[in-house]
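A look at the structure
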Amino acid sequence: MLIRPAPHIRESEITDQRLYLNRRSFMALGAGLGAAALLPRRALAAPLDYTKGVVTVDEPQTPFEAASTYNNYYEFGTDKEDPARVAPGRLKVAPWNVAVSGECAKPGTVALEDLIKPHRLEERITRLRCVEAWSMVIPWVGVPLAEVLKRFEPTSKAKYVEFTTLADRDQMPGLRSSILDWPYTEGLRMDEAMHPLTLLAVGMYGRELPAQNGAPLRLVVPWKYGFKSIKSIVRIRFSETQPATAWNKYAPREYGFYSNVNPAVDHPRWSQAKERRIGEFRRRDTLPFNGYAEQVAGLYAGMDLKANY
Ligand SMILES: Nc1nc2c(c(=O)[nH]1)N[C@H]1C(S)=C(S)[C@@H](COP(=O)(O)O)O[C@H]1N2
Ligand SMILES: [Mo]
């Protein structure tokens, strides 16, 4: 079976939030084979059953081989090839528990299966735009984060959500370097976390996530720079105050809490106006909010997006 390019979808089909939600509930069930037939044997993870969800990108998918060998996952090294070389076999992805705490009525530690099982998995093809000015188009498989968070019953004091990656020196040789303040953490404002585009991913290309892409559970926030999409999550905490984030602590002037893809605001050391799609040579214009402005710009109405970078 061939990897098909994302089916064509008209702008009008993705802009209306209600239409978007309605489409989601009427999607036909599809089997999760897709790209798997083309994968090298060592890369084959378990296939997933999922619903064909909304395609939000009318562009060809990045080949699996590229998306699973060109990675940022500093716990496994700082070179792009390090995570694929080091993480598989070392990162133990089962059993996996997620501790949920903070401002919610029903905190607790939940096994990954129990966290995901009550929900229907769906595929979302979205761009991933790294702050380093490259991008990919990836078919993720996951559950809207909002559905997962609701069951913990966040209280009215829950204004933000903090996420934490596993930090285990035995499994993650990158932790020997103190380049980041481990564990890696990220955060979203509550309305960003509850937005229907925000996905808790357990797979890509129809299969479970490879270790290097953040197995067994990662965030996908399509309108934000890639570093917001935190990998291998072990902890979710609801909080009243804005959580600290790993890259913001590393270089506060370069990486802000909001991290919205914004071609009009340069990174202090390079431009954000263009990007290179992995596998291509030409450079494309970067779109505001990574192309998802219609869906998410309203979240930031009245905010100065140069000050809140
Ligand atoms: N725990 C953790 N999560 C992480 C990172 C990391 O170093 N550690 N890198 C981030 C960055 S900078 C990017 S661009 C994306 C890359 O995701 P990918 O390797 O699946 O393409 O993961 C993000 N999530
Ligand atoms: Mo990134």
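The rules behind these values
Residues numbered from 1 in each chain as written. Chains lettered and ligands numbered in written order. Predicted model: local features only at pLDDT ≥ 70, side-chain atom pairs only at ≥ 80, totals over all residues. Heavy atoms only, no water. Near = heavy atom within 4 Å. Polar contact = N/O pair within 3.5 Å; in protein donor to acceptor, adjacent residues only side chain to side chain. Areas by Shrake-Rupley, 256 points an atom, 1.4 Å probe, with all protein chains shown as cover. Nonpolar A, V, L, I, M, F, W, Y, C, P; charged D, E, K, R; others polar. Pairing = 2+ DSSP bridges. Helix = DSSP H or I, 4+ residues; strand = E, 2+ residues; numbered from the N terminus. Axes fitted to C-alpha atoms, helices over the stretch in contact; angles between N-to-C directions. Salt bridge = Lys/Arg side-chain N within 4 Å of Asp/Glu carboxyl O. Buried < 20%, exposed > 50% of the residue type's maximum accessible area, 1.4 Å probe, protein only.

**Here's the deal with the site of ligand 1**
- Of all residues adjacent to ligand 1, which total 16 residues, the nearest are N71, Y74, E75, R218 and K231.
- One of the side-chain N or O atoms of N71 is found 2.8 Å from an oxygen atom in ligand 1.
- The contact in question runs from an oxygen atom of ligand 1 to an N or O atom on the side chain of K231, over 2.7 Å.
- Burial of ligand 1 by the surrounding chains reaches 99%, relative to a free accessible area of 540 Å².
- Tallied by class, residues from the shell around ligand 1 come to seven nonpolar, six polar and three charged.

**Thoughts on the sheet that holds strand β7 (residues 160-165)**
- In space, the five strands of this open sheet follow the order β4-β3-β12-β7-β8, with mixed pairing throughout. A single partner strand is all that each edge strand has here, and the edge strands are β4 (108-111) and β8 (185-189). Looking at each pair of strands side by side, their axes are set apart by 20 degrees on average, direction ignored.
- Sheet topology note: the strand β3 (residues 97-102)/β4 ladder contains four bridges and is antiparallel. Bridged to N97 within β4 is A111.

**Re the pattern of salt bridges**
- Taken as a whole and judged by the stated rule, the model has 20 salt bridges.
- The partner of R189 in a salt bridge is D191, and the shortest N-O contact between them spans 2.8 Å.
- Taking relative accessible area as the criterion, D191 reaches 32% and is therefore assigned partly exposed.
- One salt bridge in this structure joins D285 and K274, with 2.6 Å as the shortest N-O distance. With D285 in strand β14 (residues 283-285) and K274 in strand β13 (residues 274-277), this residue pair connects regions lying eleven residues apart in the sequence.

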